[in-house]
Amino acid sequence: MTDDVKPFEELQPLGDVPVAPAHAIASIALSLALKYHDINTVQEGALYQQYKLEGRNIGNLHLDMVFDTATKMEAWLLASSERIAQIVVDAIDAPEKTED
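Residues numbered from 1 in each chain as written. Predicted model: local features only at pLDDT ≥ 70, side-chain atom pairs only at ≥ 80, totals over all residues. Heavy atoms only, no water.

A.B. asks: Hey, could you go over the overall build of the protein chain for me, with residue numbers and the actual values?
C.D. replies: Scanning the protein chain from N- to C-terminus turns up 3 helices and 0 strands. The linear arrangement of helices and strands in the protein chain, starting from the amino end, is α-α-α. Across the protein chain, every contact between residues at least 6 apart in sequence was considered, and the portion connecting residues at least 24 apart equals 79%. (Helix = DSSP H or I, 4+ residues; strand = E, 2+ residues; numbered from the N terminus. Contact = heavy atoms within 4.5 Å.)

A.B. asks: Outline the side chain of Thr69, listing residues and values.
C.D. replies: Note that Thr69 resides in helix H3 (residues 63–93). Residue classification places Thr69 among the buried residues on the basis of a relative accessible area of 15%. The contacts of Thr69, once residues within four sequence positions are left out, are Ala33, Tyr36 and His37. (Buried < 20%, exposed > 50% of the residue type's maximum accessible area, 1.4 Å probe, protein only.)

A.B. asks: If you had to explain the side chain of His37 to someone new, which residues and values would you point to?
C.D. replies: Residue position: His37 is located in helix H1 (residues 21–39). For His37, a relative accessible area of 13% puts it in the buried group. Polar side-chain contacts of His37 include one of 2.8 Å to the side chain of Thr69. When sequence neighbours within four positions are dropped, the list of residues in contact with His37 reads Leu61, Met65, Val66 and Thr69. (Polar contact = N/O pair within 3.5 Å; in protein donor to acceptor, adjacent residues only side chain to side chain.)

A.B. asks: Help me get a handle on the environment of Glu74, residues and values and all.
C.D. replies: Structurally, Glu74 can be placed in helix H3. Given the relative accessible area of 25%, Glu74 is considered partly exposed. With 45 residues separating them in the primary sequence, Glu74 and Ala29 have C-alpha atoms 5.1 Å apart. Every residue in contact with Glu74, bar those within four places of it in the chain, is listed here: Ala22, Ile25, Ala26 and Ala29.

A.B. asks: Any details on the confidence of the model for the protein chain? Residues and values, ideally.
C.D. replies: The share of residues in the protein chain with pLDDT of 70 or more is 66%, and the mean pLDDT across the chain is 75. When mean pLDDT is taken per element in the protein chain, H1 scores highest with 83 and H3 scores lowest with 78. (pLDDT = per-residue confidence, 0-100.)

A.B. asks: Any chance you could break down the environment of Ala22 for me, citing the residues and the numbers?
C.D. replies: The residue Ala22 is located in helix H1 in this model. For Ala22, a relative accessible area of 44% translates into the label partly exposed. Residues Ala22 and Leu78, spaced 56 residues apart in sequence, show a C-alpha to C-alpha distance of 7.9 Å.

A.B. asks: An account of a nonpolar patch on the surface is needed here, citing residue identities and associated values.
C.D. replies: On the surface, a nonpolar cluster with roughly 270 Å² of combined accessible area is contributed by Val42, Leu47, Tyr48 and Ile58. Assignment of secondary structure puts Val42 in the loop between H1 and helix H2 (45–54). (Patch = residues over 30% accessible without salt bridge, like charges linked within 9 Å, V, L, I, M, F, W, Y side chains within 5 Å. Areas by Shrake-Rupley, 256 points an atom, 1.4 Å probe, with all protein chains shown as cover. Salt bridge = Lys/Arg side-chain N within 4 Å of Asp/Glu carboxyl O.)

Here's what the structure looks like:
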C-alpha cells in the first residue's frame, strides 16, 4: 500500500464549515433517537435475565426503529422551526405601542 492512500485515516474536523439547517436538524434528530432507544433498552445482563424469567415481553430493537423515531423527531423539529418563525413574523408585524 502506498503512503498517499490511507482509506482508514480519521477525517479532519470540519471546524467552522457552515452546515445547512436541514442537515443540522436531521443530525440532532438522529442523535436524540439514538439516545432515546439507548435509554429504553436493558443493558445489564443480570437484569435482562431476570426480565426473561419473569416473562416480561422484551421486544427486539432494530435499526429501522431508530430511523423511524429519528424521522418523527425531525418532522417535529422542522415544524417547530416554522412555528417559531411565525411567532417572530407576528411580533414584527404587530403595531408598536407608542407612549403619549
